[in-house]
Structures are given as C-alpha cells and as structure tokens.
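# Observations on the three-dimensional arrangement
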Amino acid sequence: MTIEAIERAAAIAWPALEATRLGAWVLRAGAGFSRRRNSAVPEGPFPPEFDHRLRGVSEWYRERGLPVLFRITPTCDPAIDSELADRGLAFEAPTLVMSRPIEESEPVAGVVAAPAATEAWIRAELEALGVHGPLVGPWLATVRSVPSPAVFVAPSEGDRLVGAGLGVVVNGLLGVFEIAVHPKERRRGHATRMMAALHRFGVREGAVRAFLQILEEDERAITLYRSLGYEVSHRYWYRRADT
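Right, let's walk through the structure included here.

The rules behind the values
- Residues take numbers from 1 onward in each chain, read along the sequence in its written order.
- Given that the model is predicted, a residue must reach a pLDDT of at least 70 before its local features are reported, and side-chain atom pairs must reach 80 or more before they are shown or counted; all residues, however, enter totals for whole chains, interfaces and linings.
- The basis for the side-chain values is all heavy atoms of the structure; hydrogens and waters are excluded.
- Secondary structure follows DSSP: runs of H or I at least 4 residues long count as helices, runs of E at least 2 residues long count as strands, and numbering of each begins at the N terminus.
- Throughout, radius of gyration means the C-alpha value; the globule benchmark is 2.2 Å times the number of residues raised to the power 0.38.
- Relative accessibility under 20% of the residue-type maximum defines a buried residue, over 50% an exposed one, and the middle range a partly exposed one, all with a 1.4 Å probe and only protein chains included.
- Only the protein chains shown count as cover for residues, and the accessible areas themselves come from Shrake-Rupley with a 1.4 Å probe.
- In this charge count, Lys and Arg are treated as positive and Asp and Glu as negative; neither His nor the chain ends contribute.
- Lysine's charge is taken at NZ, arginine's at CZ, aspartate's at CG and glutamate's at CD.
- Whenever two N or O atoms come within 3.5 Å, that pair is a polar contact, provided that in protein one can donate a hydrogen and the other can accept it, and provided that, for residues adjacent in sequence, both atoms are side-chain atoms.
- What makes two residues a contact is simply this: any of their non-hydrogen atoms within 4.5 Å.
- Residue types Ala, Val, Leu, Ile, Met, Phe, Trp, Tyr and Cys, when buried and joined through side-chain atoms within 4.5 Å, form a set referred to as a nonpolar core.
- Should a side-chain nitrogen of Lys or Arg be within 4 Å of a carboxyl oxygen of Asp or Glu, the pair is scored as a salt bridge.
- Axes, fitted as lines to C-alpha atoms, cover a helix only where it is in contact. Angles between the N-to-C directions of the axes lie from 0 to 180 degrees.
- For this classification, under 35 degrees means roughly parallel, over 145 means roughly antiparallel, 65 to 115 means roughly perpendicular, and everything else is oblique.
- By convention, the crossing between two helices is left-handed when the near helix turns anticlockwise from the far helix through less than a right angle, and right-handed when the turn is clockwise.
- When residues are grouped by polarity, Ala, Val, Leu, Ile, Met, Phe, Trp, Tyr, Cys and Pro land in nonpolar, Asp, Glu, Lys and Arg in charged, and all others, Gly among them, in polar.
- A pair of Phe, Tyr and Trp rings is counted when the ring centres sit within 6.5 Å of each other, with Trp represented by its six-membered ring. The angle between the planes then sorts it: under 30 degrees is stacked, over 60 is edge-to-face, the rest tilted.

## Comments concerning the overall build of the protein
Secondary structure assignment for the protein yields 7 helices and 12 strands. For 243 residues, the compact-globule estimate of 2.2 N^0.38 gives 18 Å, and the C-alpha radius of gyration of the protein, at 18 Å, lies within 12% of that figure. Principal-axis analysis of the C-alpha atoms gives the protein an extent of 60 × 40 × 30 Å. Looking at the 243 residues of the protein, the share that counts as buried comes to 50%. In the structure as shown, the protein presents an accessible area of about 11,500 Å², 52% of it carried by carbon and sulfur atoms. Positive and negative charge centroids in the protein, built from 29 and 30 side chains respectively, lie 3 Å apart.

Okay, structure coming up:
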C-alpha cells in the first residue's frame, strides 16, 4: 500500500469541517481540534509563486482564527520544507505513520462496539484522553464527522468503560484513531483488546491493511503497536508560523 493511498484514506477518515485547495496545496480547518484537521499540506513541487501562495495560506487560516500550520509529508517537495524553515516556521510534533496487514480473527471479549459514538463512549474517551473545557466541542465535531463504515470500541471492566477508540474503513484501509485507556487502567491489555476488535471490524468491512498515527515521542505506544505487528510506513511533521 502506497504512502499516497494511506494519506488519502487518513484525510477522508479523519475529515476537516472545511477544506479547499490553493494550487496543489490542501488547506483544512476543523475548529481548532487536532493538528491534522487544522493544517495545510503543501503537496507537489515547489511553486514559482511561493510568496503569493504563502500569503494565501496565512490569510485563509487567520480569517478562521487559526494558527498557520503546515503538515509536511513525503508527498511534499523537500524544498518547500526547507524554505518554510528558513522563514522561521518552527518544527513540531514529528509523527510516525505505522501500518500492518490485517486478517480474519476470533471475536474479542470485554470490548463494547457500536457503529456510532454513544454517550457512554464519549464520556470514556474524554476521560481517557484528558480532553476538557473549550476543546470538548471541537473534539465532538471531529468524532461526529467521521464517515461510515466506522466502529467505536471501548474496553469494559464490569459495568465500567475504561478506555475508548475508533476505526474507519476507507478504500480497503482501516484507519485507527483516538486509542486511549484511563491512566489507572493501563498495562492490563485493554488497548490490545481494542486493537483486536478494530482489526476484526476492518476485515469484515473489506479492509486488508490498518494504519495509525502516533507522535514519535510516545515510546510506550510505539512499543505496543510494534508488538502488534505494526511497522513504520512513513513520518510527517509540522511547521508553525509565529502568531
């Protein structure tokens, strides 16, 4: 599976509330929650009208009250990243995209699954992620905008949900998002069971491969995903303009 296919599927599975193109560059906005949904991807070769293009990006994001943020992927010309760096845009949030093939598996016990985000799932996810205050609204808008087929999973301990995550199938790929377990419930196999349930869902919906995105600094999660057979497909990072 190509990097381009994974990037296309990720953009569909985790959609912005608003998106447009400026030449070959893709501009996305999503009420401020999630860098992926609120950044520009400068695809294609270095444009001859770079200054004009950069002004257009800056104006578009500032009109929406958002910082100017670029996501630099392997589909971008390295000269664009170099120019942004030379202009003082700060490097941040290097991220790994990991993937693995998936195949039919046995049912998973101790995981609740639903085709939509229930109130119980939302509470469990917010608590596990630590999202609160003004970020809750944009986060909910993000979660409620994911396309079908999707599944919202949560591991349970008795009648309590102790974590949550979701998966979305696009073009034969299962995108895995928002995997989180309550801090007091970690290292008990909950994340592994959620991943197994998501893989099973993906296969049933025609996916042949799964992918996820994880910050390079999150060594604990990377170790878990490697143990589950995930390997690095590619990496990306962001460039942030001064506000």
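Once the structure has been displayed, the description carries forward.
## Points about the side chain of arginine 239
Inspection of the secondary structure puts arginine 239 in strand S12 (residues 231-240). On the basis of relative accessible area, arginine 239 is assigned to the buried category, the value being 11%. A polar side-chain atom of arginine 239 sits 2.8 Å from a polar atom in the side chain of aspartate 81. Polar contacts involving the side chain of arginine 239 include one to the main-chain carbonyl oxygen of leucine 89, which spans 3.3 Å. In contact with arginine 239, other than residues within four places in its own chain, are Val68, Leu69, Phe70, Ile72, Asp81, Leu84, Ala85, Leu89, Ala90 and Phe91.

## Quick notes on the nonpolar core
Of all hydrophobic cores here, the largest spans 29 residues; its most connected members are Trp121, Trp139, Leu166 and Val168. Secondary structure elements with two or more residues in this core: helix H1 (3-13), strand S5 (90-101), helix H4 (119-129), helix H5 (136-144), strand S7 (150-157), strand S9 (163-170), strand S10 (173-181) and S12. Setting aside chain neighbours within four positions, we find tryptophan 139 in contact with Phe33, Trp121, Ile122, Glu125, Leu126, Leu129, Val131 and Glu178. Of all hydrophobic cores here, the second largest spans 26 residues; its members include Leu174, Val203, Ala221 and Tyr225.

## Observations concerning the pattern of salt bridges
Going through the model one piece at a time under the given rule, you end up with 16 salt bridges. Put simply, glutamate 119 and arginine 144 hold a salt bridge, and the shortest N to O gap is 3.9 Å. Here arginine 144 lies in helix H5 and glutamate 119 lies in helix H4, a separation of 25 residues in the sequence.

## With respect to the packing of H4 against H5
Running from amino to carboxyl end, H4 crosses H5 at an angle of 125°, the nearest separation of the two axes being 12 Å. The orientation of H4 relative to H5 falls into the category oblique. In the crossing of H4 with H5, the sense of the turn from one axis to the other is right-handed. Within the contact between the two elements, H4 uses Glu119, Trp121, Ile122, Glu125, Leu126 and Leu129 and H5 uses Val136, Trp139, Leu140, Val143 and Arg144. Partitioned by chemical class, the residues of the contact of H4 with H5 number 8 nonpolar, no polar and 3 charged.

## Considerations on the environment of glycine 158
Along the polypeptide, glycine 158 turns up in the loop between S7 and strand S8 (160-161). Judged by its relative accessible area of 72%, glycine 158 is exposed. As for glycine 158 and glycine 175, which are separated by 17 residues in sequence, their C-alpha atoms are 28 Å apart.

## Description of the packing of aromatic side chains
One pass over the full model with this rule turns up 11 aromatic pairs. Both rings, one in phenylalanine 177 and one in phenylalanine 211, keep their centres 6.3 Å apart while their planes meet at 90°; by these two values the pair is edge-to-face. Remark: phenylalanine 211 occurs in strand S11 (residues 209-215) and phenylalanine 177 occurs in strand S10; sequence separation between them is 34 residues. The exposure class assigned to phenylalanine 177 is buried, which follows from its relative accessible area of 2%. Plain terms: the ring middles of tyrosine 236 and tyrosine 238 are 5.8 Å apart, the flat faces sit at 85° to each other, and that makes the pair edge-to-face.

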